[in-house]
Every structure is written in structure tokens, then in C-alpha cells.
Amino acid sequence: MAKEKRQLTRVPLGAIKADGWLKKELVQLRELQRNLPKAMEELSLKSAWFGGQGDAWDLPPKYLASLITLYSVLGDETLETETMRFASAILRSQNEDGNFGPMRHNDLLPRIEAVKAIVLYFELTGDKDAIVFLKKYFKFQFNELDKIPCWYKTRARLLDELGGIELVSDETASSVFCDLAEKLKYRSVDWFKLFNNFIYKKSTENYVSRSSARRALATVLRYEKRMNSNKRFRQPDPKTAQKRAEKRVNTILSETDGTNMAKALKYPLIYGRLMGDDLLKECTTKQIQNLLKFHGTALGMFSCDDNLAGTNPMRAIKLDSVVEYLESLTEILTSTGDLAIADLIELVAFNAVPAGVTETASGVQEIGQVNQIKSSRTKEFFFARHKNGNKYSSKNFSYGAVAAIRALPLFATNLCHKNGDDLCFLTYAPCTIDLDVLGEKLKIREITDYPFRNKIDFKVEEVTGAPELVLNFRVPHYTSAKLFVNEVFISEGKSGMLSVKHKLKKDDIVSIKLEIPLTEVTNPDGSVSLRKGSILLASKLNPIIEATDGTLPKCNFKMYLDTVWQYAPLAFHKIVEQEEVKANEIDSHAFNVAAPPFEVYVRCKNVLNWKCDEQGYGNIPKRPKFSEETPLRVFVPYGATYLRIAQFPPCNKI
């Protein structure tokens with residue numbers, strides 16, 4: 001069979017290094033990363049992945065993937081040492097038959113995450129031992145798969161190995177490993193069928209009761225706890241596990257789990273490349289449309305707390321799911337070149353991701369809300385299993401913290417692509433790119449404060465020869481752009497791509513100048529939001545913050561409001577009544593809550609019948625009643641808030 005090709009090619013991992021505000025963000029995430037092994041025994045030397053008696057589940061290999069990605073764009077030597085030590089421990093753990101990792105259990109879930117981490121390790125280092133390791137493991141897995149029980153998360157995520165299978169197939173020029181891909185697909189949740197006939201068009205509680213869900217999840221958690229302990233535990237045989245997995249309640253919970261869904265979006269696409277079926281791209285595209293239609297929010301991310309939760313902006317979004325979604329989107333962008341996916345990537349990376357951590361990256365919020373007016377442990381969502389509720393925490397770290405240190409680095413690794421010999425810049429942030437083109441060495445520095453400012457310069461810092469290249473630049477949604485080369489106007493556009501063919505010389509500067517109007521956008525639930533390009537705006541609310549469950553710096557943070565939050569911006573023909581935009585200096589933290597990169601002053605009306613209960617739920621009224629007065633209110637980037645309203649009832653000018 002003929003293997004399908006990606007539309008675009010990523011530049012090598014490590015070729016892009018963060019600069020400017022992005023690097024400052026990553027340096028702060030580096031501090032968070034330093035604290036995780038001290039705060040989480042699962043990531044310490046006690047872990048079974050290092051030969052200890054501790055954690056033997058999937059968090060350590062997920063952490064390694066975060067380490068590799070962070071190191072690739074930051075280039076910190078001490079981070080390199082830690083990354084290589086962790087990767088070496090996994091590679092050394094392989095036995096003669098090909099299996100690897102902690103041998104106290106044979107569950108595939110942690111090994112699936114380890115395969116993904118080793119793929120990243122190879123992309124960064126080119127170490128052929130990684131290919132040998134994967135080949136040996138895939139042969140073992142093909143022979144033993146029928147003997148290994150697969151249920152719940154394991155069964156849902158089997159196809160996360162497709163990237164590793166594709167790498168080995170490419171490196172060995174062999175299609176023999178495609179047989180394993182087919183076998184994994186047969187054992188997996190049938191995501192392909194679900195995507196083609198999406199049945200979960202409402203929040204998950206419409207399909208399963210709270211009591212049934214809790215009983216089923218309790219069984220799963222007991223299983224995982226026993227598998228991760230040192231005590232002897234008899235695993236269910238494969239047939240029994242399959243039978244349990246196919247129970248209606250388990251099927252629903254697996255198929256609606258936010259992290260499972262976010263991961264699965266890329267499966268049809270990669271499987272299609274392996275099998276030479278280009279039509280499977282449509283399956284992925286269709287499912288993204290389904291998710292945004294039935295569970296979408298102003299963030300471009302579907303709600304999940306932990307399971308699909310509809311379009312209500314008071315329902316939560318899990319940070320771990322956000323980052324898995326971002327990973328799938330970057331894979332989809334590479335495979336399709338779809339500019340709408342690039343818009344989604346920026347929307348998620350510039351809004352949902354920074355809102356999940358405090359401005360110094362010392363605290364993490366595992367679950368958050370688009371409209372959030374309270375941060376407390378009492379917050380309980382239908383399926384939420386987070387002991388801190390929606391609090392920010394600087395001590396009780398979990399999957400969200402591990403995901404947080406990977407999110408912006410993952411975004412940074414996709415700031416430049418190739419299409420043949422052409423260079424494609426589909427998302428923007430300050431960085432330096434080193435790569436080979438047409439046999440020449442090229443270093444381009446992207447100098448910008450985008451998305452907070454409207455100018456992006458691409459300066460040729462080093463080049464051998466004078467390669468003539470086509471440079472392609474995406475025009476972000478809700479903007480228009482003008483393209484210049486050395487201050488000479490080339491072209492302009494409101495959508496799509498701007499391109500120029502140019503012989504690159506040292507000190508050449510290619511510039512994008514954007515017009516970014518304040519725009520009102522309608523959300524899937526009928527509410528409206530304010531956007532400036534890829535930045536979602538939220539009301540600037542000044543929460544009262546109290547440290548709880550400990551003392552600074554290791555504590556949880558309770559937040560609440562004693563100010564008015566029930567108002568909506570005035571708009572007319574989608575153009576907002578904008579009074580003033582105030583630009584602030586971008587300091588050591590771009591998403592500074594106290595001093596955001598910019599503030600927008602907008603005329604608003606108070607919403608008289610927008611109420612909330614003691615838990616902090618304040619659903620948008622279906623028939624809002626507005627005040628007569630139109631006070632000026634301040635709106636800031638969503639990522640520069642702790643509590644906020646970002647979806648509002650429509651309020652047309654009267």
C-alpha cells in the first residue's frame with residue numbers, strides 16, 4: 001500500500017528556540033518543573049521507572065515527554081541532564097523479550113506514554129538505540145497483545161502508539177509494523193465509528209447516571225491503585241476485561257472522557273497515513289466540528305469535567321485535556337495544512353493554557369471555567385474527580401502540572417514548517433529558527449510581541465549563499481495583514497496566506513503588519529465573546545485571594561469576588577463600541593494579572609437577572625434584562641485572569 005504523506009514537514013525538534021516573552025514564560029515553567037519531583041513522589045527517584053518501589057503508572061513517562069519538549073525549545077544544560085537520565089532509565093529497562101518498564105504489572109497504559117516519550121527522544125537526539133528499542137517492543141507487543149487485558153483508559157488510548165509505529169516504519173522502510181496498528185485498532189475503542197456517527201450531543205449526564213458513573217469509576221480507580229502498588233494483584237484475563245470494557249456505562253465513560261477524546265482526534269489521520277487512506281482526514285475534521293458545535297466554548301476547546309459537558313461556559317475544562325487537544329491539533333495541522341486548525345492552536349495556546357497556571361507558574365489549576373466567579377474546593381461538577389475543586393494549588397500537583405510544562409513548548413516546536421523547500425509560518429511567537437534549506441544554513445529570528453502587538457519581523461541573522469525561497473505567512477482569523485520585504489510593500493489580505501519569493505540575504509527583514517479590530521464572536525451556546533485576533537478577552541475582575549490548606553509558597557488558593565461581574569459589552573453589527581485600548585509594558589510575565597499586556601475599555605450594560613448560587617454557578621440568562629446606564633468596563637486577555645467572564649449574553653446597541 002502507498003503511504004500517505006503529510007501536507008507539511010516539521011522542522012527538526014531542537015531547531016526552534018524560544019525568544020522574547022515566550023522564553024520568559026518557559027523560564028518560569030522551568031521553575032515549576034524543578035519543583036515537581038520534590039512535590040510529587042511519582043516523579044522522584046522512588047519511582048519504579050527508576051528501579052524504586054514507587055509509581056509504576058503513566059505519569060513519569062508523560063513527565064519525560066514534557067521534559068524533552070521543554071528542553072528542545074529552552075536548551076537548558078541541567079534540563080538536558082535530567083532529560084537524558086530519565087530517557088536512559090526507560091531504554092535500559094527493556095528485557096530480552098522486548099517488554100520494558102516496571103514489571104509489577106503488564107498494563108499497556110504507562111508503556112503507551114513511554115513509547116510517545118521515546119519517539120520525542122529520537123526526534124531530539126537521533127539516537128538509533130531508540131529505534132531498536134521500539135522495534136523490539138512492537139514485536140513483543142504484537143505477539144503478546146491478545147494475552148494482555150485492555151480496558152477503560154488503556155483500551156481508549158491504544159492508538160496513541162501510532163506515532164511510534166509510523167516512525168519505525170519510516171526508519172526501517174518497512175510496512176510490517178502496520179500489522180500491529182491494525183491489531184491495536186481492533187482492540188481499541190472504535191473512535192472511527194464514533195467520529196463518523198457522533199452520538200454524544202449533550203453533556204454526559206444525559207447518557208449515564210451519577211451513581212452508575214461513580215460506581216464504574218471507583219472500580220477503575222481500585223484497579224489502577226492495585227496495579228500501581230507492590231502488593232500482588234490478580235489481573236482480569238483479557239476476555240473478562242473486554243467484557244467489562246464493553247459494558248454500556250464503561251463505553252460511555254471511555255468515549256466521553258475529555259483526555260481520551262482529545263488524544264483520539266489524531267488517530268484517524270495517522271492511521272490513514274500508515275494505511276494509505278487519505279479520506280480518514282475527513283473523519284478527524286468532522287469530529288472537531290462536532291465537538292465545537294455540541295461542546296464548544298469561546299476558547300476553541302470543548303468542555304470536559306472530566307467528561308464531555310455541553311456548551312455551558314460554567315462547566316469546566318481540564319488542563320490535561322487542553323494540552324492533549326493542543327498536541328492533536330499540531331499533528332492535524334502538519335498533516336492537512338488547514339489554516340483553521342492554526343487559528344485553533346493559537347486560540348488554545350494563548351488563552352486556555354496560560355489561564356491554567358498562576359502568573360509566576362508556581363500554582364496550577366487542574367480544572368477551570370470560561371466563566372468562573374469563584375475558586376474553591378466546594379465546586380463539584382458532575383464527573384469531576386479533583387480534590388482541590390477549581391482552586392489554584394502550589395502543592396497538590398497532578399496531571400495538569402505535568403501537562404502545563406509541556407503546553408507552550410509544544411506550541412513553540414510548531415512555529416515553522418516546510419512544504420517541500422518552501423517555509424510556512426502558520427502560528428507566531430518570538431523565536432529563533434536554525435535549519436537547512438536548499439543545501440544552505442539559515443538562521444531566522446522572529447521578533448515580535450504578537451499576539452499582544454500587531455507587528456511580526458522575520459530577520460535573516462545568518463545564511464550561507466543566497467537561497468531563493470517561497471515564504472508563506474498565515475493571516476490570523478479576525479485580522480487583516482500587509483506583507484513587506486525590507487520595508488517594501490508586497491501584498492495584503494484578510495484571510496488565507498500571504499506569500500513572497502525572495503533571495504535571502506543577511507539582515508533581510510520580512511514583516512507582517514496586522515490590523516486587529518475588536519470583534520464580537522458568537523459561541524455555540526448563543527452567547528457572545530470579545531476577540532482581538534487570537535486573544536480572547538475577559539472581564540477584568542479583581543478577586544480576593546486567600547491561601548488555604550497550607551502556607552505560602554505551598555498552599556491552595558481560594559478566590560472570590562465582592563464586585564459586580566454581571567454585565568455585557570455593547571455591540572452593533574459585530575463591531576464593539578470600543579472606547580480605548582491601553583497598552584502596558586510586557587514584563588517578565590506576558591500574562592500578568594496585575595499588569596496585563598493591554599486593556600480594552602468598552603461600554604457595557606449591567607445584566608439585571610444574571611444570578612449565581614453559593615457554589616459559584618451563574619448561568620447566562622436566556623432572556624437577559626439590561627440596565628439603562630452604560631458604564632465603561634475593562635477587558636483583558638483571558639490568560640491574564642484568575643476569575644473572569646468571557647461569554648456574555650448578546651447586548652446590541654439600543
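Residues numbered from 1 in each chain as written. Predicted model: local features only at pLDDT ≥ 70, side-chain atom pairs only at ≥ 80, totals over all residues. Heavy atoms only, no water.

## Focus on the environment of Tyr-63
For step 1, the next point in the chain: Structurally, Tyr-63 is set in helix 2 (residues 59-74).
For step 2, the next point in the chain: A C-alpha to C-alpha distance of 9.4 Å links Tyr-63 and Phe-86, two positions 23 residues apart in sequence.
For step 3, the next point in the chain: Excluding residues that lie within four positions of it along the chain, Tyr-63 makes contacts with Gln-33, Leu-36, Pro-37, Leu-43, Glu-82, Phe-86, Val-402 and Ile-405. (Helix = DSSP H or I, 4+ residues; strand = E, 2+ residues; numbered from the N terminus. Contact = heavy atoms within 4.5 Å.)

## Comments concerning the nonpolar core
For step 1, the next point in the chain: Counting residues in hydrophobic clusters, the biggest one holds 213 residues, and the most contacted among them are Leu-36, Trp-191, Leu-423, Leu-442 and Phe-473.
For step 2, the next point in the chain: The leading source of residues in this core is helix 4 (residues 109-125), at 11 residues.
For step 3, the next point in the chain: The contacts of Leu-423, once residues within four sequence positions are left out, are Cys-416, His-417, Lys-418, Leu-435, Val-437, Leu-442, Ile-444, Leu-469, Val-470, Leu-471 and Asn-472. (Core = buried A, V, L, I, M, F, W, Y, C linked by side-chain atoms within 4.5 Å. Buried < 20%, exposed > 50% of the residue type's maximum accessible area, 1.4 Å probe, protein only.)

## Remarks on helix 5 (residues 128-144)
For step 1, the next point in the chain: Helix length check: helix 5, at 17 residues, gives a terminal C-alpha distance of 25 Å against a target of 24 Å (1.5 Å per residue), a fit within 8%.
For step 2, the next point in the chain: Taken together, the buried positions of helix 5 are occupied by Ala-130, Ile-131, Phe-133, Leu-134, Tyr-137, Phe-138, Phe-140 and Gln-141.
For step 3, the next point in the chain: Next to the buried residues of helix 5 lie helix 3 (77-92), helix 4, helix 7 (162-172) and helix 8 (178-187).
For step 4, the next point in the chain: The backbone nitrogen of Asp-129 lies 2.9 Å from a side-chain oxygen of the residue at the head of helix 5, namely Asp-127. (Expected span 1.5 Å × (residues − 1). Polar contact = N/O pair within 3.5 Å; in protein donor to acceptor, adjacent residues only side chain to side chain.)

## Topic: unusual backbone geometry
For step 1, the next point in the chain: Each neighbour pair has its own omega, and for Asp-305 with Asp-306 the value is 0 degrees, a cis peptide bond.
For step 2, the next point in the chain: Structurally, Asp-306 can be placed in the loop between helix 15 (280-295) and strand 3 (316-318).
For step 3, the next point in the chain: In this structure, Pro-451 follows Tyr-450 across a cis peptide bond, with omega equal to 10 degrees.
For step 4, the next point in the chain: Checked against the element boundaries, Pro-451 lands in the loop between strand 11 (440-448) and strand 12 (455-463).
For step 5, the next point in the chain: The backbone of Tyr-152 shows a phi angle near 50 degrees, a positive value even though the residue is not glycine.
For step 6, the next point in the chain: Residue placement: Tyr-152 occurs in the loop between helix 5 and helix 6 (153-157).
For step 7, the next point in the chain: Judged by relative accessible area, Tyr-152 falls into the buried class, the value being 4%.
For step 8, the next point in the chain: The phi torsion at Asp-507 lies on the positive side, around 75 degrees, for a residue other than glycine.
For step 9, the next point in the chain: With respect to the helices and strands, the residue Asp-507 is situated in the loop between strand 16 (497-503) and strand 17 (509-515).

## Observations regarding the sheet that holds strand 12
For step 1, the next point in the chain: Strands sit in the order 2-10-11-12-17-14-15 across an open sheet of 7 strands; the sheet is antiparallel. Each edge of the open sheet is held by one strand with a lone partner, namely strand 2 (16-18) and strand 15 (488-493). The mean inter-strand angle of the sheet, taken between neighbouring strand axes irrespective of direction, is 20 degrees.
For step 2, the next point in the chain: Summarising the sheet, strand 12 and strand 17 pair through 5 bridges and their orientation is antiparallel. Directly across from Asp-457, in strand 17, lies its bridge partner Ser-511. (Pairing = 2+ DSSP bridges. Axes fitted to C-alpha atoms, helices over the stretch in contact; angles between N-to-C directions.)

## Side note on the side chain of Thr-259
For step 1, the next point in the chain: Considering the arrangement of structural elements, one finds Thr-259 in helix 13 (residues 258-264).
For step 2, the next point in the chain: Residues within four places of Thr-259 in sequence aside, it is in contact with Arg-157, Lys-318, Asp-320, Ser-321 and Glu-324.

## Section: the pairing of strand 21 (residues 544-551)
For step 1, the next point in the chain: By the bridge criterion, 6 bridges tie strand 21 to strand 22 (residues 554-560) in an arrangement that is antiparallel. Across the sheet, the residue bridging to Glu-546 is Lys-558, located in strand 22.
For step 2, the next point in the chain: The turn joining strand 21 and strand 22, which pair antiparallel and follow one another in sequence, is formed by 2 residues.

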